[in-house]
Amino acid sequence: MTEPMVSLRGVYKIFGQDGASVMDHVKNGMGKEELLAEHKHVLGLNDINVDMQAGEITVVMGLSGSGKSTLIRHLNRLIEPTAGEIIVQGEDVMQLSETGLREVRQQKMSMVFQKFALLPHKTVLQNAGMPLSVRGEDAEVCNREATKWLDRVGLAGFENHYPAQLSGGMQQRVGIARALTANTDIMLMDEAFSALDPLIRTDMQDLLLELQKELHKTIIFITHDLDEALKLADHLVILKDGYVVQQGEPQHILLNPNDPYIEDFVSDINRARVLRVRSVMTPLSDGAVPDDAHGDVDVDDTLESMIARSGGDTSHAYVVKDGDETVGTLDMTALVRALVPRVSSDDGTRNY
Amino acid sequence: MAFYDKLFETLGLSNWCGVAGEGAPLSMADLMAQASGDAASGPFFPFPSLDNLNESCSAILQSRDVTKGIEDGFLAAKPALKSVLDPLTQPLSWMLDGALWLFEATPWFIMIPVLVGISWYASRSKPVTIFVFVAIMLLGLVDHYDVAMQTLSIIFVCTTISVLLGVPIGIAMSKSDRLQKFTVPVLDLLQTLPTFVYLIPLIFLFSVTESKLYGIAIILYAIVPVIRLTDLGIRLVDQDVIEAADAFGMNSKQKLMRVQLPLALPNIMAGVNQTIMMSLAMVVIASLVSAPGLGVNVLRGIRNLELGVGIVAGIGIVLLAVILDRVSKAALSRVDMTHVKH
Ligand SMILES: Nc1ncnc2c1ncn2[C@@H]1O[C@H](COP(=O)(O)OP(=O)(O)O)[C@@H](O)[C@H]1O
Ligand SMILES: [Mg+2]
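Computed from a predicted model, the values in this text were never measured in an experiment.

A.B. asks: Explain the overall build of chain A here, please?
C.D. replies: Within chain A, the regular secondary structure consists of 15 helices and 14 strands. Expressed as lengths along the three principal axes of its C-alpha atoms, the size of chain A is roughly 65 × 55 × 35 Å. Expressed as a percentage of the 352 residues in chain A, the buried residues total 51%. Taking as baseline every contact in chain A between residues at least 6 positions apart, the subset at least 24 positions apart corresponds to 67%. Summed over all atoms, the accessible surface of chain A reaches about 15,800 Å², with 46% contributed by carbon and sulfur. Each charge class in chain A can be summarised by its mean position, and for the 33 positive and 54 negative side chains these summaries are 6 Å apart.

Listed below in structure tokens is the structure:
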């Protein structure tokens, strides 16, 4: 595997008077509640180790207060860690001077915010061009780039409006255009779509995926919504009380949750719509395909579409293709089995 | 035999005190008591004030020594203070005198259109502009045009200086909690002290004939709101927007000029409006220390019991106040408009 674009190594964050002084307790396994009760410090992040690969969308998911915003703000050091390393493109962000840090923020990472955080006294065009004007580019360059990206996110014609004149969805399009104008490899998105209505949220997710297909940015996306996480994630990180409960390929997590916390999360999901053939097929081992196969399916088809196609008949089997290559077989019985969530054997261990 | 004699005896301080009462000048109360021939007529248990203790122990100061000490100390410090403050504040005198000259020398048929033009430019409101025109014409009609211009010139200079000094001070305060902690009590003091109280040391320091005397008095009083509201305005700027500015790598100067000041502008303008109104209030009082303008006529009304003169000048001040308030408020709401809330 290539070197990750961003990695966090043993990152801890403890909010309070003197976070470093209680680090030992945390390292010895003291939890968030205990730390607050006994030492009046808030455990923000607890030994975070995450690699974020170039060109992928890494989604960090967790309930409110689990430390998602804290985590993403460590990447551009809007929040200073109590301990740990933050490595961006092989460079330790913690070693940077103030100027160096500003340069990283200008050149390498852009950010999209939950509450949009646009400048209310500037026009849409000026807002979108802000990252370039901060770098000292001419107004002409800023406007040209800003216009280009505003067009791309579907805001052509709104250049001279003020943010308050736009709906929430449109304001967040400006937020995305602003991040794209910065032309950085890394994009940080903190609950970027959480403040939007469900329908608009779906539109924005589609827009993001469409842009990503074209631009191949390294996106770190925060959400508390599992559907959104599963739709967007190449790599899913699940946070709870400041520590990583499980991380990996989202379909894998869905099928093999390692914690009651996650099982609870995934139990309400429409699995047929989320799971893909790739995750439930039998990989081809000896080149043998069943001769009674009912046809070819694509690895990325959803189970929902397969059920529709088979007419609900569990006796069917299909040959799975990735492009032109045959990669496995799909047995409808296995498919139906995968639709039932694996129920936790010990409900009593839930403590959240 | 004074009340506290026993106290000093039991404390064994008789020697340090010296001979009671001897050599010390008599207080007024003593003289009265002697005159009435009844030394024991004092209160049964007098308050242990300096004067009462001094009766028993002459080593203790009398209260008049305290006031005298302050006065002496002030007079001793005066040359040093003056040598620093005089050149520092001299430009203020020049500006006040210069503005006064300019406002008086400009003929009315130029001045009035200029003022009306400024009102229009700042407020972009027809009713306000018409009101300004009518009010100035009214003042002129009763021969108060000149004094009104004198008052206006002082307000103009003092407000300008207050803003030029107050905004940077407010910015500095908003950046440092420590500075804010030290500055707020000073601002409270400046605002609560009766104006006459800080005229006293100023009169000692500067001669009453210098215009900077009233200039300083007005500025000290009027600068407070613009400082406070600049500080408040910057602190109230949406933290999410500040975070975005940081995330896109703005340095602190860019943050100040592009985000904090523009977003704090409505508050700062509200502070400027208050500063203007407070300069006007103070310029009237400052006529006590030779500030020219409408206040002089009010003073004349009080001193000579010329009721009509005082009331006409008073109405003139009200007109001026309304003009200044309306124009600056209209300008403020215009700033607010372009600042559409989200
Ligand atoms: N500046 C701060 N001071 C103290 N505690 C904080 C601070 N910021 C966040 N926290 C705490 O850290 C935890 C994680 O917060 P946050 O990262 O905002 O959660 P999320 O974004 O997942 O909702 C919460 O318990 C929160 O109260
Ligand atoms: Mg959050």
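Still to come is the rest of the account.
A.B. asks: Please clarify how the overall build of chain B should be interpreted in this entry.
C.D. replies: If you tally the helices and strands in chain B, you get 15 helices and zero strands. The C-alpha atoms of chain B give 28 Å as radius of gyration, which overshoots the globular expectation for 342 residues (20 Å, by more than 25%). Seen through its principal axes, chain B has C-alpha atoms that stretch 80 × 60 × 40 Å. Burial statistics for chain B: of 342 residues in total, 44% are counted as buried. Pairs at least 24 apart in sequence give 77% of the contacts found in chain B among residues at least 6 apart. Just so you have it, chain B exposes about 18,400 Å², and 71% of that area is on carbon and sulfur atoms. Distance between charge centroids for chain B: 13 Å, based on 22 positive and 26 negative side chains.

A.B. asks: Any chance you could explain the nonpolar core here in plain terms?
C.D. replies: Nonpolar side chains in soluble globular proteins tend to end up buried together. By size, the foremost hydrophobic cluster in this structure holds 71 residues, and its most contacted members are Ile154, Tyr214 and Ile218 of chain B. Sequence-distant contacts of isoleucine 218 of chain B, defined by excluding residues within four places in its chain, comprise Ile154, Cys158, Ser279, Met282, Val283 and Ala286 of chain B. Counting 61 residues, the second largest nonpolar core, distinct from the first, contains Ala179, Leu226, Tyr261 and Val280 of chain A.

A.B. asks: Is there a simple way to explain the site of ligand 1 in this structure?
C.D. replies: All names here are of chain A. Near ligand 1 the following residues occur: Phe15, Lys32, Val42, Leu63, Ser64, Gly65, Ser66, Gly67, Lys68, Ser69 and Thr70. Between ligand 1 and lysine 32, the relevant distance is 2.9 Å, taken from an oxygen atom to a side-chain nitrogen or oxygen of the residue. For ligand 1, an oxygen atom lies 2.7 Å from a polar atom in the side chain of serine 69. Considered on its own, ligand 1 offers 560 Å² of accessible surface; in the complex 60% of this is hidden by protein. It is helix H3 (residues 68-75) that provides the largest number of residues to the shell around ligand 1, a total of three residues.

A.B. asks: Before we go on, may I ask you to explain the pairing of strand E10 (residues 243-248) of chain A in this structure?
C.D. replies: The side chains of a regular strand alternate, first on one face of the sheet and then on the other. All names here are of chain A. Sheet topology note: the strand E9 (residues 235-240)/E10 ladder contains five bridges and is antiparallel. Within E10, the residue paired with lysine 240 across the bridge is tyrosine 243. Linking two consecutive strands that pair antiparallel, namely E9 and E10, is a turn of two residues; a positive phi of about 50° is found at aspartate 241 within it.

A.B. asks: What is the right way to look at the packing of aromatic side chains in this model?
C.D. replies: Geometry of an aromatic ring pair is reported as the spacing of the ring centres plus the angle between the planes. In the structure shown here, the tally under the stated rule is five aromatic pairs over all chains. Ring plane angle 55° and centroid distance 5.4 Å describe the contact between phenylalanine 193 of chain A and phenylalanine 221 of chain A, whose orientation is recorded as tilted. With a gap of 28 residues between them, phenylalanine 193 of chain A in the loop between strand E7 (186-190) and helix H8 (198-215) and phenylalanine 221 of chain A in strand E8 (residues 218-223) connect regions that are remote in the sequence. Assigned by exposure class, phenylalanine 193 of chain A and phenylalanine 221 of chain A land together as buried. Relative to phenylalanine 204 of chain B, the ring of phenylalanine 74 of chain B has its centre 5.8 Å away and its plane inclined at 80°; by these criteria the two rings are edge-to-face. One end of the pair, phenylalanine 74 of chain B, is in helix H5 (residues 63-105); the other, phenylalanine 204 of chain B, is in helix H10 (residues 195-205), with 130 residues separating them in the sequence. Phenylalanine 74 of chain B sits in the partly exposed class, given a relative accessible area of 26%. Accessibility expressed as a relative area gives 34% for phenylalanine 204 of chain B, which makes it partly exposed.

A.B. asks: I would appreciate a short explanation of the sheet that holds strand E11 (residues 282-283) of chain A in the present structure.
C.D. replies: Strand-to-strand pairing in sheets goes through backbone hydrogen bonds, with the strands running parallel or antiparallel. Residue and element names in this part refer to chain A. Pairing in this open sheet of four strands is mixed, and the strands run E11-E14-E13-E12 from one edge to the other. The sheet is open, and its two edges are formed by E11 and strand E12 (296-298), each paired on a single side. In this structure, E12 lies alongside strand E13 (residues 317-322), joined through three bridges in parallel fashion. Across the sheet, valine 297 pairs through a bridge with valine 320, a residue of E13.

A.B. asks: I would appreciate a short explanation of helix H6 (residues 108-123) of chain B in the present structure.
C.D. replies: Because each turn of an α-helix spans 3.6 residues, side chains separated by three or four positions in sequence point in the same direction. Residue and element names in this part refer to chain B. Between its terminal C-alpha atoms H6 stretches 22 Å, which fits the 22 Å expected from 16 residues at 1.5 Å a residue. Buried residues of H6: Met111, Ile112, Leu115, Val116, Ser119, Ala122 and Ser123, and no others. Viewed along the axis of H6, the buried residues span an arc of 130°, placing them on a single side of the element. Pointing more than 90 degrees away from the buried face of H6 are the exposed residues Phe109 and Tyr121. Remark: arginine 124 follows H6 within two positions and exhibits a positive phi of approximately 50°.

A.B. asks: Whenever I open this one, the interface of chain B and chain A confuses me. Can you help?
C.D. replies: Interface extent is often summarised as the accessible area lost during association of the parts. Facing the 19 residues of chain B at the interface are 25 residues of chain A. Taking both partners together, chain B and chain A bury about 2,000 Å²; carbon and sulfur atoms supply 65% of that area. Counting across the chain B and chain A interface gives two salt bridges. Where lysine 115 of chain A meets aspartate 240 of chain B, a salt bridge forms, and the shortest distance between an N and an O atom there is 3.8 Å. At six residues, the largest contribution of residues to the side of chain B that touches chain A is made by helix H12 (residues 239-247) of chain B. Of the residues belonging to the side of chain B that touches chain A, the class tally is nine nonpolar, five polar and five charged.

A.B. asks: How do you make sense of unusual backbone geometry when you look at a structure like this?
C.D. replies: Most of the time, phi is negative for any residue but glycine, and the peptide bond is trans. Residues and elements named next belong to chain A. In this model, lysine 40 sits at a positive phi of 55°, which is unusual for a non-glycine residue. The class of lysine 40 is exposed, set by a relative accessible area of 63%. Of note in this structure, alanine 117 is not a glycine but carries a positive phi near 55°. Secondary-structure assignment places alanine 117 in the loop between strand E6 (109-112) and helix H5 (124-134). Residue classification places alanine 117 among the buried positions, given a relative accessible area of 1%.

A.B. asks: Hey, could you run me through a nonpolar patch on the surface in this one?
C.D. replies: Residues and elements named next belong to chain B. On the surface, Ile130, Phe133, Val134, Met137, Leu138, Leu141, Val142 and Val312 cluster together into a nonpolar patch covering about 720 Å² of accessible area. With six residues, the single largest contributor to the nonpolar patch is helix H7 (residues 126-141). Structurally, isoleucine 130 can be placed in helix H7.

A.B. asks: I'm lost on the sheet that holds E9 of chain A in this one. Help?
C.D. replies: All names here are of chain A. Strand order in the open sheet formed by six strands is E6-E7-E8-E3-E9-E10, with mixed pairing between adjacent strands. The open sheet has two edge strands, E6 and E10, and neither has a second partner. For this sheet, the mean angle separating the axes of adjacent strands, direction not counted, is 15°. For strand E3 (residues 57-61) and E9, the ladder comprises four bridges, and the chain directions are parallel.

A.B. asks: I keep staring at the environment of leucine 166 of chain A and nothing clicks. Help me out?
C.D. replies: All names here are of chain A. Along the chain, leucine 166 turns up in the loop between helix H6 (139-152) and helix H7 (168-181). Under the relative-accessibility criterion, leucine 166 is labelled buried at 7%. Note: C-alpha distance between leucine 166 and alanine 156 (ten residues apart in sequence) is 13 Å. Those residues in contact with leucine 166 that sit more than four places away from it in its chain are Val124, Phe158, His161, Gln171 and Val174.

Cut-offs and rules
Residues numbered from 1 in each chain as written. Chains lettered and ligands numbered in written order. Predicted model: local features only at pLDDT ≥ 70, side-chain atom pairs only at ≥ 80, totals over all residues. Heavy atoms only, no water. Helix = DSSP H or I, 4+ residues; strand = E, 2+ residues; numbered from the N terminus. Buried < 20%, exposed > 50% of the residue type's maximum accessible area, 1.4 Å probe, protein only. Contact = heavy atoms within 4.5 Å. Areas by Shrake-Rupley, 256 points an atom, 1.4 Å probe, with all protein chains shown as cover. Lys, Arg positive; Asp, Glu negative; His and termini not counted. Charge placed at Lys NZ, Arg CZ, Asp CG, Glu CD. Rg over C-alpha atoms; globule rule 2.2 N^0.38 Å. Core = buried A, V, L, I, M, F, W, Y, C linked by side-chain atoms within 4.5 Å. Near = heavy atom within 4 Å. Polar contact = N/O pair within 3.5 Å; in protein donor to acceptor, adjacent residues only side chain to side chain. Pairing = 2+ DSSP bridges. Phe/Tyr/Trp six-rings, centres within 6.5 Å; stacked < 30°, edge-to-face > 60°. Expected span 1.5 Å × (residues − 1). Arc of directions from axis to C-beta. Buried area = accessible area lost by both parts, 1.4 Å probe. Salt bridge = Lys/Arg side-chain N within 4 Å of Asp/Glu carboxyl O. Nonpolar A, V, L, I, M, F, W, Y, C, P; charged D, E, K, R; others polar. Patch = residues over 30% accessible without salt bridge, like charges linked within 9 Å, V, L, I, M, F, W, Y side chains within 5 Å. Axes fitted to C-alpha atoms, helices over the stretch in contact; angles between N-to-C directions.

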